[in-house]
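So you can see what is in the structure, the chains are spelled out below.
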Protein chains: 2
Amino acid sequence: MAKNKPLVGAAVIGQSGGPSAVINASAYGVIKTALESECITKVYGAHHGIVGILNDQLMIMDEEDPKELERLLHTPSSALGSCRYKIADPEADDTDYKRILEIFQKYNIRYFFYNGGNDSMDTCNKVNRYMQKVGYECRVIGVPKTIDNDLFGTDHCPGFASAAKYIATSFMEVSRDSKVYDKGMITIVECMGRHAGWLTAAAVLASEKGDGPDLIYLPEVDFSMEDFLDDVIRVYNGQGSCLVAVSEGIHYADGTFVSEAQTSGTDGFGHAQLGGLAARLAGIVKAATGAKVRGIELSLLQRCAAHCASKTDVEEAFNSGKVAVESAVAGETGKMVGFRCERKNGYVCHYELFDLEKVANYEKKVPLEWITSDNAFVTPAFVDYCTPLIEGETTPEFEDGLPRFAKLKKVFAK
Amino acid sequence: MAKNKPLVGAAVIGQSGGPSAVINASAYGVIKTALESECITKVYGAHHGIVGILNDQLMIMDEEDPKELERLLHTPSSALGSCRYKIADPEADDTDYKRILEIFQKYNIRYFFYNGGNDSMDTCNKVNRYMQKVGYECRVIGVPKTIDNDLFGTDHCPGFASAAKYIATSFMEVSRDSKVYDKGMITIVECMGRHAGWLTAAAVLASEKGDGPDLIYLPEVDFSMEDFLDDVIRVYNGQGSCLVAVSEGIHYADGTFVSEAQTSGTDGFGHAQLGGLAARLAGIVKAATGAKVRGIELSLLQRCAAHCASKTDVEEAFNSGKVAVESAVAGETGKMVGFRCERKNGYVCHYELFDLEKVANYEKKVPLEWITSDNAFVTPAFVDYCTPLIEGETTPEFEDGLPRFAKLKKVFAK
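Fair warning: this is a prediction, and the values are worked out from it, not measured in the lab. (Residues numbered from 1 in each chain as written. Chains lettered and ligands numbered in written order. Predicted model: local features only at pLDDT ≥ 70, side-chain atom pairs only at ≥ 80, totals over all residues. Heavy atoms only, no water.)

## As for the overall build of chain A
Worth spelling out the cut-off: Only DSSP runs of H or I with at least four residues qualify as helices, and only runs of E with at least two residues qualify as strands; both kinds are numbered from the N terminus onward. It is over C-alpha atoms that the radius of gyration is taken, and the globule rule equals 2.2 Å times the number of residues to the power 0.38. Note on contacts: a residue pair is in contact if any heavy atoms of the two residues lie within 4.5 Å. Residue burial considers only the protein chains on display, and all accessible areas are found by Shrake-Rupley using a 1.4 Å probe. Working convention for charge: Lys and Arg count positive, Asp and Glu count negative, and His plus the chain ends are omitted. Positions of charges follow a simple convention, taking NZ of Lys, CZ of Arg, CG of Asp or CD of Glu.
Looking only at helices and strands, one finds 13 helices and 13 strands in chain A. Its C-alpha radius of gyration of 23 Å places chain A within 12% of the 22 Å reference for a compact globule of 414 residues. Each of the three principal axes of chain A carries a C-alpha extent, and together these read 70 × 50 × 40 Å. Considering only residue pairs separated by 6 or more positions, chain A has 77% of its internal contacts joining residues 24 or more positions apart. Accessible surface for chain A amounts to roughly 14700 Å². Of this, 48% is attributable to carbon and sulfur atoms. Here chain A contributes 43 positively and 57 negatively charged side chains, and the mean placements of these two sets differ by 5 Å.

## With respect to helix α9 (residues 225-239) of chain A
All names here are of chain A. Note the cut-off: Multiplying 1.5 Å by the residue count of a helix minus one yields the expected span of that helix. Type-normalised accessible area, obtained with a 1.4 Å probe on protein chains alone, sets the label of each residue: buried when under 20%, exposed when over 50%, and partly exposed for intermediate values. To obtain the arc, one takes the directions from the helix axis to the C-beta atoms.
Here α9 spans 21 Å end to end across 15 residues, near enough to the 21 Å set by a 1.5 Å rise per residue. Along α9, the residues classified as buried are Met 225, Phe 228, Leu 229, Asp 231, Val 232, Val 235 and Tyr 236. Seen from one end, α9 has its buried residues packed into an arc of 160 degrees, which puts them on one side. Looking at α9, the residues exposed on the side facing more than 90 degrees away from the buried face are Asp 230, Asn 237 and Gly 238. Contacts made by the buried residues of α9 are with β6 (186-191), β7 (215-217), β8 (242-247) and α10 (277-289). After α9 finishes, the residue Gly 240 shows a positive phi value of roughly 80 degrees.

## Quick notes on the interface of chain B and chain A
Formally: Summed over both partners, the accessible area lost on bringing two parts together, with a 1.4 Å probe, is the buried area. Any Lys or Arg side-chain nitrogen located within 4 Å of an Asp or Glu carboxyl oxygen qualifies as a salt bridge. What qualifies as a polar contact is a pair of N or O atoms within 3.5 Å, subject to a donor-acceptor requirement within protein and to the restriction that residues adjacent in sequence count only when both atoms come from side chains.
Tallying the contact residues gives 67 residues for chain B and 67 residues for chain A. Counting each side, the surface lost to burial between chain B and chain A is near 5500 Å², with a carbon and sulfur contribution of 62%. Between Glu399(A) and Lys209(B) there is a salt bridge, with its nearest N and O atoms 3.3 Å apart. The interface formed by chain B and chain A contains 30 residue pairs in polar contact (both at pLDDT 80 or more). Mapped by element, the contributors of at least two residues to the side of chain B that touches chain A are α6 (160-178), α8 (204-208), α10 (277-289), β9 (293-297), β12 (398-399) and β13 (402-403) of chain B.

## Some thoughts on the side chain of Asp155(B)
In this fold, Asp155(B) is placed in the loop between β5 (139-144) and α6. Beyond its immediate chain neighbours, meaning those up to four positions away, Asp155(B) contacts Phe339(B), Cys341(B), Arg343(B), Lys364(B) and Tyr385(B).

## Observations concerning the sheet that holds β7(A)
Residue and element names in this part refer to chain A. What counts here: A pair of strands is treated as paired once DSSP finds two or more bridges between them. Orientation is described by axes fitted as lines to C-alpha atoms, over the contacting stretch for helices, and by angles from 0 to 180 degrees between their N-to-C directions.
Across the sheet, four strands lie side by side as β7-β8-β6-β9; this open sheet has parallel pairing. Looking at strand neighbours, the two that pair on one side only are β7 and β9 (293-297), the edges of this open sheet. Between one strand axis and the next, the sheet turns by 15 degrees as a mean value, whatever way the strands run. Two strands pair when backbone bridges link them, and β6 and β9 are joined in this way by five bridges, in the parallel orientation. From the neighbouring strand, Ile 186 faces β9, where its bridge partner is Val 293. Running at roughly 155 degrees to β8, α9 makes contact with β6, β7 and β8 of the sheet. Contacts between α10 and the sheet are confined to β6, β8 and β9, with β9 contributing the most and set at about 170 degrees to the helix.

## Some thoughts on the environment of Cys304(A)
All names here are of chain A. Counting through the fold element by element, Cys 304 comes out in the loop between β9 and α11 (311-329). Exposure remark for Cys 304: the relative accessible area of 0% places this residue in the buried category. With 61 residues separating them in the primary sequence, Cys 304 and Lys 365 have C-alpha atoms 22 Å apart.

## Thoughts on the sheet that holds strand β6 (residues 186-191) of chain B
Residue and element names in this part refer to chain B. Ordered by their spatial adjacency, four strands build an open sheet running β7-β8-β6-β9, and the pairing between neighbours is parallel. A single partner strand is all that each edge strand has here, and the edge strands are β7 (215-217) and β9. Neighbouring strand axes in the sheet, compared pairwise and without regard to direction, differ in orientation by 15 degrees on average. Along the sheet, α10 contacts β6, β8 (242-247) and β9; its crossing angle with β9, the most-contacted strand, is approximately 170 degrees.

## Focus: a negative patch on the surface
We apply this condition: Residues enter a patch when their relative accessible area is above 30% and they make no salt bridge; the linking distance is 9 Å between like charges and 5 Å between nonpolar side chains (Val, Leu, Ile, Met, Phe, Trp, Tyr).
On the surface, a cluster of negative charge is made up of Glu226(A), Asp227(A), Asp230(A) and Asp374(A). Here Asp227(A) shows up in helix α9.

## Things to note about the packing of aromatic side chains
As a reminder, the rule being used: Here the aromatic set is Phe, Tyr and Trp, taking the six-membered ring for Trp, and pairing holds for ring centres within 6.5 Å; pairs whose planes are under 30 degrees apart are stacked, those over 60 apart are edge-to-face, and all others are tilted.
Throughout the structure, instances matching the rule amount to 39 aromatic pairs over all chains. Ring geometry for Phe339(B) versus Tyr351(B): centroids 5.4 Å apart, planes at 90 degrees, classification edge-to-face. Here Phe339(B), found in strand β10 (residues 335-342), pairs with Tyr351(B), found in strand β11 (residues 348-355); they are 12 residues apart in sequence, far enough to count as distant. Overall, the relative accessible area of 2% leaves Phe339(B) in the buried class. On the basis of relative accessible area, Tyr351(B) is assigned to the partly exposed category, the value being 28%. Feature note: the residues Phe160(A), Trp198(A), Trp370(A), Phe382(A) and Tyr385(A) constitute an aromatic cluster, connected by ring pairs.

## Points about the relation of the copies chain B and chain A
Heads up, the condition is: The superposition of copies rests on a least-squares fit of C-alpha positions from residues with pLDDT of 70 or more in both.
With an axial shift of 0.0 Å and an RMSD of 0.0 Å, the rotation relating chain B to chain A amounts to 180 degrees. These values place the two chain copies in the arrangement generated by a two-fold rotation axis. A share of 100% of interface residues in chain B that are also interface residues in chain A marks the association as one of identical surfaces.

## Overview of the pattern of salt bridges
Scanning the model with the defined rule gives 50 salt bridges over all chains in all. As a salt-bridge pair, Glu102(A) and Arg99(A) come within 3.4 Å of each other at their nearest N and O atoms. Of this pair, Glu102(A) and Arg99(A) both sit in helix α4 (residues 95-106), three residues apart, roughly one helical turn. Taking the relative accessible area as the measure of exposure, Arg99(A) reaches 26% and is therefore partly exposed. Residue Arg404(B) pairs with Glu399(B) through a salt bridge whose shortest N-O separation is 3.7 Å. Residue class for Arg404(B) comes out buried when judged on its relative accessible area of 15%. Under the relative-accessibility criterion, Glu399(B) is labelled partly exposed at 33%. Counted as one network, the salt bridges with shared partners bring together Glu68(A), Arg71(A), Glu397(A), Glu399(A), Asp400(A), Arg404(A) and Lys209(B).

And the structure:
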């Protein structure tokens, strides 16, 4: 329900959840557009998300050097600071909400933008409902972010594509490296994604170039150690090497994560664990084959690799923030910016608003029909979906051979 | 001893040892220059290094598309295939040398270029001595390659700088990521370098930008678990987070690698091991501090990250190959191409020839005076040494958002 009456007041933006390569591009989209907006009187950044609002730690974005703010486009991680704070249900405990209202009133905040994943959209939604209930006029818009790509409604999430591009690029490079000797090896690479396999599936883009994984295992389907070993041995015996992509969230049929399964009598694969899943699987494959095996965990590298970001992702991330502010100024509230994409005759991304009520707390997974029937690869439909998202390279600023990331002054409001 | 008589015949280039981001740039320098040389009649690539010569598996480089060969500049790993074959001493067993001579005679090979690290320079040296002994005129030049940067004589080795740039860039990104929450964490990142700490030390370049490790541990000095824990806890208590760079080769005073130390009564830190050193140290630090701790192993990623190569490195790698051919054609043999660098008034790299006799089998380590007295960081002298080497970014070709690596036809000589 768009209202046309201009709402004059300050805006605050917060970032929440795990960082990405482009979450700051979204923040920049919000900050730049808000600074340029006539009815937004001041732009604050919440230090560590909602926690910064609760603690009255707001940074004045108007005080920052515009050139430094622009560098946010290519600066990974959450420049304003993030949090993992889970806000209570206002019906159960409204302490936090009263405090948020108090801070909003103190700074005359009329626009609240929250940049994050599932939990953040839930926070957004709850704050919006509370403000409406108490009759405090404030427009609340969620700006999506998650490398996991698991937000409902939107075609994809800002942050996913850059992580996907980094993963596919790294697979291409590792593939070349792991197949260099006359005697090949088995290489197992672990990607993030506890419940959704989007990132692991993105490794297939490297396979399309002839330098990718031979096998791909996602958490959308049950994992069988027996089938896995059969697959690996078959590929290794056939071509003398084997490159595998596994999601951190792969699990047995009983729901137990493979990374956490203890020594058991049923599968006999239990090992004391220090490393992650890749190391564990490497140990099991080595024991079963005697081959040279290496486990690689992409770890934090995959979610903060701004140096290998997708230009498409950076632009869409920025635009998400821009559209959030424009929509709020136009009267929208209780929405998340999302994408509806066309791929038939070239890739086109449309920005749309999704109801926070519908988005919050629902995890979107890789469709089962995009996973091959042997549960060990993904179909061309995934390739068609993902390819346009990683298109384009960015040209970040370098200084002494290294990226020049944004350095904010962080001037706190008194 | 340069001879001026032109030596007419074929050339062969082989690659050996661990790959790097720019070893193919060196190979391209050799191949391109050899193809253009009037007295080189044909250019062969040995499939999997010296093993390819022994097995009579030579690829005809003249048959390759020049455009595809040019892509070697930005293609990681060893495009001709690598090996880890250690050749015998000709005095002890000359079987391999007789076979090499046979192949050289078969194809009238008069130029042998070998692209690798310490062992490869040893192979080069032995082949050269043997050919001189039996009176077969063949010019042998080593083209250096090693991310480990441990070759004697030369200021640095092609491959090191790109790995260093990738490592410093990744540290900057991980640093931003690991410090994003209101409650910080301890992050331990393991870099390659079994005996020499050059790569781990390169992480300091990120610290120079304010986004690097707080502590750096190299294999050049003995590691003390007690001092390490004291260091980490002090930094963590002081700033609420701690980022650590460790070399895979750190070892206790008795020489035992920390990564391999078994459960022992002396230090009490022994753990069953599946992951590498980073995971092991993370487990120990977590037990000692209760903090959130993450171990990250850069693994193969650091040695094949062509997408983050140093332009300086790519150029120097190419020129090493070029100079190798030019020197051989001018009459040189038994030499390795190396660098003598000036840094006083801007960086200048001079290409020089070093005697293989002196280079082979000697490991150059980080000078002890470049390590701080607490054994937990490196000095500004290292920064001055390393900074110019990572200067400049490359512009590799992309296709569908991914690097377009060279695809060789690999036409084998009959």
